[in-house]
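Below are the chains, spelled out letter by letter.
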Amino acid sequence: MDKDYSPLTLATIRALNDKLYEKRKSAALEIERIVRDFNNAGNTTQIRQLLKVLGQDFALSSNPNSRKGGLIGLAATAIALGKETTEYIPELVRPVMACFNDADSRVRYYACEALYNVVKVARGSVLPYFNDIFDGLSKVMPALYVIIYKSST
């Protein structure tokens, strides 16, 4: 492993990069546990490091499965932080918003899902990003509607 992905374990990194949703989901549950432990210990440095790894190395990766893993990891981080999410809004929202412009429609779908989970926890704290969020969603939703429609027929 060339890069430093700490505080993630090698198994979690592999699972986040996996093409199977179930493996990425299990990695997200592990991230949720790690973040809760860091948050309870007041270890903001490790939380910020994790957000950096998920936001830069995964969500902005050239590999679509890594991007999906990064997005589910960011959502899991927000859920684990709960009310403390407000301290990390830029680190959570910016990489998710960047994925709204992704060429892969599945990544855009995961970005919408991740944003939903972040906003669900952060609530009013995301208001400074409202215009950007609205603009991004207005561009993504028509394309996602077609995907959802095709999968239901």
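Parameters and conventions
- Residues numbered from 1 in each chain as written.
- Predicted model: local features only at pLDDT ≥ 70, side-chain atom pairs only at ≥ 80, totals over all residues.
- Heavy atoms only, no water.
- Core = buried A, V, L, I, M, F, W, Y, C linked by side-chain atoms within 4.5 Å.
- Buried < 20%, exposed > 50% of the residue type's maximum accessible area, 1.4 Å probe, protein only.
- Helix = DSSP H or I, 4+ residues; strand = E, 2+ residues; numbered from the N terminus.
- Patch = residues over 30% accessible without salt bridge, like charges linked within 9 Å, V, L, I, M, F, W, Y side chains within 5 Å.
- Areas by Shrake-Rupley, 256 points an atom, 1.4 Å probe, with all protein chains shown as cover.
- Salt bridge = Lys/Arg side-chain N within 4 Å of Asp/Glu carboxyl O.
- Axes fitted to C-alpha atoms, helices over the stretch in contact; angles between N-to-C directions.
- Parallel < 35°, antiparallel > 145°, perpendicular 65-115°, else oblique.
- Left-handed = near helix turned anticlockwise from the far one by under 90°.
- Contact = heavy atoms within 4.5 Å.
- Nonpolar A, V, L, I, M, F, W, Y, C, P; charged D, E, K, R; others polar.
- Expected span 1.5 Å × (residues − 1).
- Polar contact = N/O pair within 3.5 Å; in protein donor to acceptor, adjacent residues only side chain to side chain.
- 1 Å grid on protein atoms, 1.4 Å probe; cavity = no way out; pocket = protein on both sides within 12 Å on 5 of 7 lines; lining within 4 Å.
- Points joined across faces, edges and corners; volume = space filled by probe spheres on them.
- pLDDT = per-residue confidence, 0-100.

**Side note on the nonpolar core**
Phase 1 of the analysis: With 46 residues, the main nonpolar core has Leu8, Leu16, Ile31, Leu54, Phe58 and Leu71 as its most contacted residues.
Phase 2 of the analysis: Only helix 1 (10–16), helix 2 (21–41), helix 3 (44–58), helix 4 (64–81), helix 5 (89–98), helix 6 (105–122) and helix 7 (130–152) provide two or more residues apiece to this core.

**A word on a nonpolar patch on the surface**
Phase 1 of the analysis: On the surface, a cluster of nonpolar side chains totalling about 360 Å² of accessible area is made up of Leu127, Phe130 and Phe134.
Phase 2 of the analysis: Mapping Phe130 onto the fold places it in helix 7.

**A look at the packing of helix 4 against helix 5**
Phase 1 of the analysis: Running from amino to carboxyl end, helix 4 crosses helix 5 at an angle of 155°, the nearest separation of the two axes being 10 Å. When the interaxial angle is binned, helix 4 and helix 5 end up roughly antiparallel. Helix 4 and helix 5 meet at a crossing whose hand is left-handed. Listed contacts from helix 5 to Leu71, Leu74, Thr77 and Ala78 of helix 4 are Glu91, Leu92, Pro95 and Val96.
Phase 2 of the analysis: Broken down by class, the residue content of the contact of helix 4 with helix 5 amounts to six nonpolar, one polar and one charged.

**A look at helix 4**
Phase 1 of the analysis: Relative to the 26 Å expected for 18 residues at 1.5 Å per residue, helix 4 spans 26 Å between its end C-alpha atoms, a close match to the ideal helical length.
Phase 2 of the analysis: The buried count for helix 4 comes to 16 of 18 residues, which makes it a mostly enclosed element.
Phase 3 of the analysis: Structurally, the start of helix 4 carries an N-cap: the backbone nitrogen of Asn65 is 2.8 Å from a side-chain oxygen of Asn63.
Phase 4 of the analysis: Once helix 4 finishes, Gly82 follows within two positions and takes phi at roughly 60°, a positive value.

**What to know about the layout of surface pockets**
Phase 1 of the analysis: Estimated volume of the largest pocket: approximately 200 Å³.
Phase 2 of the analysis: Lining the largest pocket are 14 residues, and of these Lys25, Ile72, Ala75, Glu113 and Asn117 lie nearest its centre.
Phase 3 of the analysis: Residues that form the lining of the largest pocket fall into these classes: 10 nonpolar, one polar and three charged.

**Observations concerning the confidence of the model for the chain**
Phase 1 of the analysis: In this model, the chain carries a mean pLDDT of 92, and residues with pLDDT of at least 70 account for 92%.
Phase 2 of the analysis: The spread of mean pLDDT over the elements of the chain runs between helix 7, the lowest at 77, and helix 2, the highest at 98.

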